[in-house]
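If you want the building blocks of each chain, they are given just below.
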Amino acid sequence: MEKAKKFEFMEHTADVYIAAHGATLAEAFENAALAMFEVMTDASKVAANAEDSLTVEAEDEYALLYSWLETLLVKFEINSMLYSQFKISSLEETAEGFKLTATVRGEKFNAAKHTQKVAVKAVTYHRMEIIKTLDKVTLEFILDI
Amino acid sequence: MGESESRPPPEKIPLEKLDNYTWRIPQYKRGMRVPGMVFANDNLMEKMQTDRTLWQCANVAHLPGIYKYAVTLPDGHEGYGFPIGGVAATDYDEGVISPGGVGYDINCGVRLLTTNLSEQTLRPKLAQLANAIFENVPSGLGSRRKDFKITPGDLDRLVVEGVQWIIDRGLGWAGDAEHCEERGCMKNANPSKVSATAKNRGLTQLGTLGSGNHFLEIQKVDKIYNQRTAKTLGLEEEGQVTVMIHCGSRGYGHQVCSDYLRVMEHAVQKYKITLPDRELACAPGKSNEAEDYFQAMACAVNYAFSNRQAIMHWVRQSFQQVYHTEPEKFGLKLVYDVAHNIAKVETHTIDNTQKKVWVHRKGATRAFPAGHSEIPADYRGEGQPVLIPGSMGTSSWVLLGTERAMELSFGSTAHGAGRMLSRAAAKRRYWGGNIRTALEKRGVVVRAASAEVLAEEADAAYKDVDVVADVSDKVGIATKVARLVPIAVIKG
């Protein structure tokens with residue numbers, strides 16, 4: 001197999017079940033975010049001309065994944081921002097749990113330009129898994145749509 | 001079943017068949033406080049056994065204070081912690097309340113309007129009407145109405161006052177509120193218990209349909225099963241045009257659920273509640289956490305009633321635009337508005353005693369019998385209308401609440417078809433363009449924001465809603481009044 005897939009969609013009756021991969025936890029988080037926007041639109045058509053910085057904190061890695069995706073989803077809903085590029089500059093354990101700092105790039109949603117797929121209602125913890133092997137991290141999670 | 005799914009349950013679930021439509025999950029695990037009870041025919045049961053529906057039903061039976069049994073309805077399928085298509089009633093004093101028992105889309109629900117038009121009369125204007133509705137009712141990803149804005153202060157008042165607030169602003173008629181469950185307003189709403197994020201999500205989305213399985217259909221009455229009740233509800237004859245609106249509380253409700261799942265995770269530890277699945281996170285009904293959730297949930301419930309009210313108003317306006325006539329001339333009366341995802345305080349007879357309980361309905365419709373004080377006065381002699389939307393392009397049902405539902409399912413019945421195929425599988429099998437063509441060949445006008453959604457929502461991806469209605473009728477937890485079929489579909 002050549003270069004590993006960034007993410008894939010798995011079978012689930014009602015909702016969207018995603019497996020996101022990365023060489024590191026941070027890279028897997030980036031690909032998880034890309035997968036979520038791919039559910040909503042064709043992310044390859046989202047220009048990276050606006051930049052946003054964000055910091056997310058949570059009590060453990062699972063909650064961090066949840067909050068990371070939820071923060072981006074909320075940004076879409078409130079500011080109509082679609083994102084296609086995600087760079088996590090740091091993801092580290094802190095005294096209270098975990099913290100990540102990221103730069104995300106995208107543009108305002110434009111119905112004339114962007115493919116409309118399904119709106120995501122929420123991130124869930126249902127079947128959420130963080131699977132770490134020697135050279136790879138896989139995140140599994142379900143989006144409620 | 002091949003591509004139709006899924007990951008099997010982590011253990012084999014024992015099952016006792018009591019009759020053709022009733023199955024019991026015995027207390028096979030030590031933590032189960034009550035059995036599970038499933039209403040399904042053999043086919044529906046077979047499908048439930050391919051995913052975690054029954055396992056989740058058994059898990060719900062662990063909840064502190066749960067009465068009688070955990071109910072799974074004919075449309076039951078795997079959900080978040082609780083199965084979708086389920087009911088659980090817990091003791092008001094000793095029991096728990098769980099956001100997972102309501103779901104992310106708080107008060108996702110349905111409302112039905114009647115008209116005095118026949119399909120034949122409408123047909124020449126149908127495409128034009130579908131266009132007008134598609135223009136006037138924002139649907140699909142990121143959609144909003146440019147000319148309809150509310151302030152944060154308005155939003156807080158709206159969630160406290162419910163549909164009446166929005167009717168008072170001109171988006172409705174006198175009498176609309178009376179024909180909503182809870183008269184369109186849960187009284188315990190308290191916006192100070194709702195996060196700023198939820199409010200911000202809600203501000204831009206009021207009066208939008210959303211996407212996924214939500215839809216707006218122009219329908220016709222296909223068959224009437226109960227003439228007297230149908231007439232009382234304004235369903236006069238076969239061929240009569242109706243309009244159905246199916247959507248929920250949008251980002252406002254999703255965020256309330258998300259915020260309180262987190263609160264409940266901590267509450268589980270604080271109150272030392274043992275659960276078989278962390279997704280059942282809950283808090284004792286009398287705790288601050290539960291009280292806060294219930295007040296925030298009520299805000300989302302009222303948001304959803306108002307959302308459907310605004311959409312209904314724009315449907316009425318669309319008729320006016322197309323016919324250049326006052327919408328009142330076409331009837332356009334609200335039959336009823338029901339919630340499918342909600343928690344309530346209700347009184348039920350359990351072991352011959354009246355008990356105050358928290359009823360969780362997740363993917364379930366309240367189905368109260370004739371005479372109940374919660375039913376609008378003009379329907380009280382018949383019973384509560386139950387509205388069950390089908391999948392896009394199939395049929396929808398009007399059923400009637402019964403005394404049997406009070407005995408068997410805490411006054412509840414099914415809420416929809418329930419998916420059969422995953423969205424991925426549906427997309428592999430269908431293409432949005434083909435679905436549109438197939439529907440249009442059958443005379444159904446389609447207006448959709450997304451071809452992807454059309455494929456994912458293909459009717460073959462769902463269980464047969466007619467079977468769900470039939471099982472409900474046979475069990476007696478809601479009886480058939482009328483079957484409706486679409487003549488135009490508006491999708492996000």
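Shown above is the structure to which this text applies.
Residues numbered from 1 in each chain as written. Chains lettered and ligands numbered in written order. Predicted model: local features only at pLDDT ≥ 70, side-chain atom pairs only at ≥ 80, totals over all residues. Heavy atoms only, no water.

(A) Representation of the overall build of chain A. A tally of regular secondary structure across chain A gives 2 helices and 8 strands. Secondary structure elements of chain A occur, N-terminal to C-terminal, as β-β-α-β-α-β-β-β-β-β. At 14 Å, chain A has a C-alpha radius of gyration in line with the 15 Å of a compact globule built from 145 residues. Its C-alpha atoms give chain A principal-axis dimensions of about 45 × 35 × 30 Å. Sequence separation of 24 or more characterises 66% of the internal contacts of chain A that already satisfy a separation of 6 or more. Accessible surface for chain A amounts to roughly 6000 Å². Of this, 48% is attributable to carbon and sulfur atoms. A gap of 7 Å separates the mean positions of the 15 positive and 24 negative side-chain charges of chain A. (Helix = DSSP H or I, 4+ residues; strand = E, 2+ residues; numbered from the N terminus. Rg over C-alpha atoms; globule rule 2.2 N^0.38 Å. Contact = heavy atoms within 4.5 Å. Areas by Shrake-Rupley, 256 points an atom, 1.4 Å probe, with all protein chains shown as cover. Lys, Arg positive; Asp, Glu negative; His and termini not counted. Charge placed at Lys NZ, Arg CZ, Asp CG, Glu CD.)

(B) Examining the overall build of chain B more closely. A tally of regular secondary structure across chain B gives 15 helices and 19 strands. Based on the C-alpha atoms only, the size of chain B along its principal axes is roughly 65 × 50 × 45 Å. Put simply, 76% of the contacts in chain B that link residues at least 6 apart link residues at least 24 apart. As displayed, chain B has an accessible area near 16400 Å², and 49% of this comes from carbon and sulfur atoms. Of note, chain B has its 60 positive side-chain charges centred 3 Å away from the centre of its 56 negative side-chain charges.

(C) Representation of the interface of chain A and chain B. Contact with chain A, which involves 34 residues of that partner, is made by 49 residues of chain B. When chain A packs against chain B, close to 3500 Å² is buried across both sides, 47% of that on carbon and sulfur atoms. At the junction of chain A and chain B, the tally comes to 3 salt bridges. Of the charged contacts, one joins E78 of chain B and R127 of chain A as a salt bridge, the two residues approaching to 2.9 Å between their closest N and O atoms. At the junction of chain A with chain B, the criterion picks out 21 residue pairs in polar contact (both at pLDDT 80 or more). Contributing elements (two or more residues each) for the side of chain A that touches chain B: α2 (61-79), β6 (122-123) and β8 (137-144) of chain A. (Buried area = accessible area lost by both parts, 1.4 Å probe. Salt bridge = Lys/Arg side-chain N within 4 Å of Asp/Glu carboxyl O. Polar contact = N/O pair within 3.5 Å; in protein donor to acceptor, adjacent residues only side chain to side chain.)

(D) The arrangement of empty space enclosed by the protein in detail. Counting across every chain of the model gives 3 cavities of 30 Å³ or more. Roughly 580 Å³ of volume is contained in the largest cavity. Lining the largest cavity are 38 residues, and of these K121 of chain A together with H77, I84, N213 and H415 of chain B lie nearest its centre. Its residues placed into classes, the lining of the largest cavity shows 12 nonpolar, 16 polar and 10 charged. Of the volumes computed, that of the second largest cavity is approximately 140 Å³. Around the second largest cavity sit 20 residues that line it, and E77, A119 and V120 of chain A together with Q205 and R250 of chain B are the ones nearest its centre. Take the lining of the second largest cavity: its biggest share by element is 3 residues, from α2 of chain A. Each residue belonging to the lining of the second largest cavity can be placed in one class, and the counts come to 7 nonpolar, 9 polar and 4 charged. (1 Å grid on protein atoms, 1.4 Å probe; cavity = no way out; pocket = protein on both sides within 12 Å on 5 of 7 lines; lining within 4 Å. Points joined across faces, edges and corners; volume = space filled by probe spheres on them. Nonpolar A, V, L, I, M, F, W, Y, C, P; charged D, E, K, R; others polar.)

(E) Spatial organisation of the sheet that holds strand β5 (residues 84-91) of chain B. Residue and element names in this part refer to chain B. Here 7 strands make up an open sheet; going across it, the order is β1-β2-β3-β4-β5-β13-β12 and the pairing mixed. The strands lining the two open edges of the sheet, one partner per strand, are β1 (16-19) and β12 (341-350). If you compare each strand with its neighbour and ignore which way they point, the axes differ by 25° on average. Pairing analysis gives 3 bridges linking strand β3 (residues 36-39) to strand β4 (residues 70-77), with the strands arranged parallel. Bridge pairing in β4 places M37 opposite V71. (Pairing = 2+ DSSP bridges. Axes fitted to C-alpha atoms, helices over the stretch in contact; angles between N-to-C directions.)

(F) Here's a closer look at helix α7 (residues 196-203) of chain B. If you check which residues of α7 of chain B are buried, you get A198, K199, R201 and G202 of chain B. Looking straight down α7 of chain B, one finds its buried side chains confined to an arc of 160°; they lie on one side. Its buried side turned inward, α7 of chain B meets α2 of chain A together with α5 (152-161), α9 (250-270) and α10 (288-323) of chain B. (Buried < 20%, exposed > 50% of the residue type's maximum accessible area, 1.4 Å probe, protein only. Arc of directions from axis to C-beta.)

(G) Seen up close, the pairing of strand β7 (residues 129-132) of chain A. Residue and element names in this part refer to chain A. When β7 meets β8, the two strands line up antiparallel, connected through 4 bridges. Looking at the pairing, E129 lines up with E140 of β8. Remark: 4 residues form the turn of the hairpin made by β7 and β8, two consecutive strands paired antiparallel.

(H) Broad picture of α10 of chain B. Compared with an ideal rise of 1.5 Å per residue, which puts 36 residues at 52 Å, α10 of chain B spans 53 Å between its outermost C-alpha atoms and is within 8% of the ideal. Of all 36 residues that make up α10 of chain B, 30 are buried, and the element is covered over most of its length. (Expected span 1.5 Å × (residues − 1).)

(I) Quick look at unusual backbone geometry. Phi is positive for E182 of chain B, which is not a glycine, with a value near 60°. Residue placement: E182 of chain B occurs in the loop between α6 (163-168) and α7.

(J) Molecular detail of the nonpolar core. One finds L122, L216, I218, Y252, M297, V315 and F319 of chain B to be the most contacted residues of the largest nonpolar core, which totals 134 residues. Residue contributions to this core peak at 19 residues, all from α10 of chain B. For I218 of chain B, the residues in contact, after removing those within four places along its chain, are L122, L126, L129, A130, I133, V241, T242, V485, P486, I487 and A488 of chain B. Of all hydrophobic cores here, the second largest spans 59 residues; its members include A28, L72, Y125 and L143 of chain A. (Core = buried A, V, L, I, M, F, W, Y, C linked by side-chain atoms within 4.5 Å.)

(K) Representation of the side chain of S395 of chain B in the model. Residue and element names in this part refer to chain B. Along the chain, S395 falls in the loop between β15 (385-388) and β16 (396-400). Looking at S395, the relative accessible area reads 2%, which means it is buried. A polar side-chain atom of S395 sits 3.5 Å from a polar atom in the side chain of R483. In this structure, S395 is in contact with P389, G390, V465, D466, R483, L484 and V485, ignoring residues within four places of it in sequence.

Take it as geometry only, folks, not as evidence of what the structure does.
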